[in-house]
Amino acid sequence: MELNELKNKFRHRSSVDIKDVEIAMKAVPFLVREIEKMEDKIADYEKRLDHLSGLLKRKRPPLEKSGQKNKTRWEVRINEDENRLYFHLAGELDYSAVKLASNGIITVLSNLREGYDVINDFTELQGPFKKRVIFHLRKLVYNFSQTGIANLVCIKTTDIKPITDIFQSGAKAEGFQVFEVSSLEEAKSTLQNVGRFLKA
């Protein structure tokens, strides 16, 4: 059933003719679902407006940050419509560079609303993964939990288990979900399906 078809048919009527009763009966469940979708969108926009009005009262942090130090590169960006943080960490992890990257991420977290998602792209990471580096990743996990993360997806290769284990163990301790996938498309699909499952 098409919403435009119903609008064209009934837009200028105040009641349904007897000949259209069958169409109207089929339309009711469809329209209820459409109303629920619109209510969800309105609620989300209201949360976003509240969040943005709070940000206007203070200096707003940037939506994107990136950097490079020694053999480590990193980039973080926020998609406000999706309420999602994208984090790309690449190269050979260096303590001072990971410290800069984690601090950069923490400064942009206030742009997100509670119940946000994170996609970590670790496909270009190289070991070894030293304890001092792992400390700053644990710091990230803690800050995610304190600012209302819902789901975290790691895009990974097979040889970075020490890094993904940090997020898995952090999720168990802090109460959010972690998924491991092999591509950005799979990460987005996973989050979309989690959203559908929760609404069902």
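For clarity, every value in this text was computed on a predicted model and none was experimentally measured. (Residues numbered from 1 in each chain as written. Predicted model: local features only at pLDDT ≥ 70, side-chain atom pairs only at ≥ 80, totals over all residues. Heavy atoms only, no water.)

A. A look at the overall build of the protein chain. When you go through the protein chain residue by residue, the secondary structure sums to six helices and seven strands. Start at the N end of the protein chain and walk to the C end: the helices and strands fall as α-α-β-β-β-α-β-β-α-β-α-β-α. Whereas a compact globule of 200 residues would reach a radius of gyration of roughly 16 Å, the protein chain reaches 22 Å, over 25% beyond that. Reported as C-alpha extents along the three principal axes, the dimensions of the protein chain are approximately 75 × 40 × 30 Å. Counting every position in the protein chain, which comprises 200 residues, the buried fraction comes to 37%. Taking as baseline every contact in the protein chain between residues at least 6 positions apart, the subset at least 24 positions apart corresponds to 73%. (Helix = DSSP H or I, 4+ residues; strand = E, 2+ residues; numbered from the N terminus. Rg over C-alpha atoms; globule rule 2.2 N^0.38 Å. Buried < 20%, exposed > 50% of the residue type's maximum accessible area, 1.4 Å probe, protein only. Contact = heavy atoms within 4.5 Å.)

B. Quick look at the environment of Arg 48. Within the element layout of this structure, Arg 48 appears in helix α2 (residues 21-56). Remark: the alpha-carbon pair of Arg 48 and Val 28, spanning 20 residues in sequence, is separated by 30 Å. Once residues within four sequence positions are removed from consideration, Arg 48 is found in contact with Glu 80, Asp 81 and Arg 113.

C. Examining the pattern of salt bridges more closely. Inspection of every chain in the model, using the stated rule, returns six salt bridges. Here Glu 34 makes a salt bridge to Lys 37, at a shortest N to O gap of 3.5 Å. One end of the pair is Glu 34 and the other is Lys 37, both in helix α2 and three residues apart, which spans about a single turn. For Lys 161, the salt bridge is made with Asp 165, and the minimal N-O distance between the two is 3.0 Å. Placement of both Lys 161 and Asp 165 in helix α5 (residues 161-174) is noted, with a separation of four residues, approximately one turn of the helix. Residue classification places Asp 165 among the partly exposed residues on the basis of a relative accessible area of 32%. (Salt bridge = Lys/Arg side-chain N within 4 Å of Asp/Glu carboxyl O.)

D. The pairing of strand β4 (residues 116-121), seen in detail. β4 sits mainly inside the fold: five of its six residues count as buried. Pairing analysis gives five bridges linking strand β3 (residues 84-92) to β4, with the strands arranged parallel. Following the sheet pairing, Tyr 86 is matched in β4 by Ile 119. (Pairing = 2+ DSSP bridges.)

E. Inspection of the packing of helix α3 (residues 95-108) against helix α4 (residues 131-146) at higher detail. Packing of α3 against α4 leaves a shortest axis separation of 8 Å and a crossing angle of 10°. When the interaxial angle is binned, α3 and α4 end up roughly parallel. Touching Tyr 95, Val 98, Lys 99, Ser 102, Asn 103, Ile 105 and Ile 106 of α3 are Arg 132, Val 133, His 136, Leu 137, Lys 139, Leu 140, Asn 143 and Phe 144, all from α4. In terms of residue class, the contact of α3 with α4 is made up of eight nonpolar, four polar and three charged. (Axes fitted to C-alpha atoms, helices over the stretch in contact; angles between N-to-C directions. Parallel < 35°, antiparallel > 145°, perpendicular 65-115°, else oblique. Nonpolar A, V, L, I, M, F, W, Y, C, P; charged D, E, K, R; others polar.)

F. Region of the structure containing the layout of surface pockets. The calculated volume of the second largest pocket comes to roughly 160 Å³. Together, Glu 75, Arg 77, Tyr 86, Phe 87, His 88, Ile 119, Asp 121, Ile 155 and Leu 184 line the second largest pocket. Elements with a contribution of two residues or more to the lining of the second largest pocket: β2 (72-79), β3 and β4. Per-element tally for the lining of the second largest pocket: the top contributor is β3, with three residues. Here the residues of the lining of the second largest pocket sort into five nonpolar, one polar and three charged. (1 Å grid on protein atoms, 1.4 Å probe; cavity = no way out; pocket = protein on both sides within 12 Å on 5 of 7 lines; lining within 4 Å. Points joined across faces, edges and corners; volume = space filled by probe spheres on them.)

G. Fine view of the side chain of Asn 143. Examined against the element boundaries, Asn 143 turns out to sit in helix α4. Reaching out from Asn 143, the side chain makes a polar contact with the backbone oxygen of Lys 139 at a distance of 2.9 Å. When residues no more than four places from it in sequence are discounted, the contact partners of Asn 143 are Ile 106, Leu 109 and Tyr 116. (Polar contact = N/O pair within 3.5 Å; in protein donor to acceptor, adjacent residues only side chain to side chain.)

H. Highlighting unusual backbone geometry. Backbone geometry places Asn 70, a non-glycine residue, at a positive phi of 55°. Counting through the fold element by element, Asn 70 comes out in the loop between β1 (64-69) and β2. Positive phi outside glycine occurs at Asn 83, with the angle close to 55°. Inspection of the secondary structure assignment puts Asn 83 in the loop between β2 and β3.

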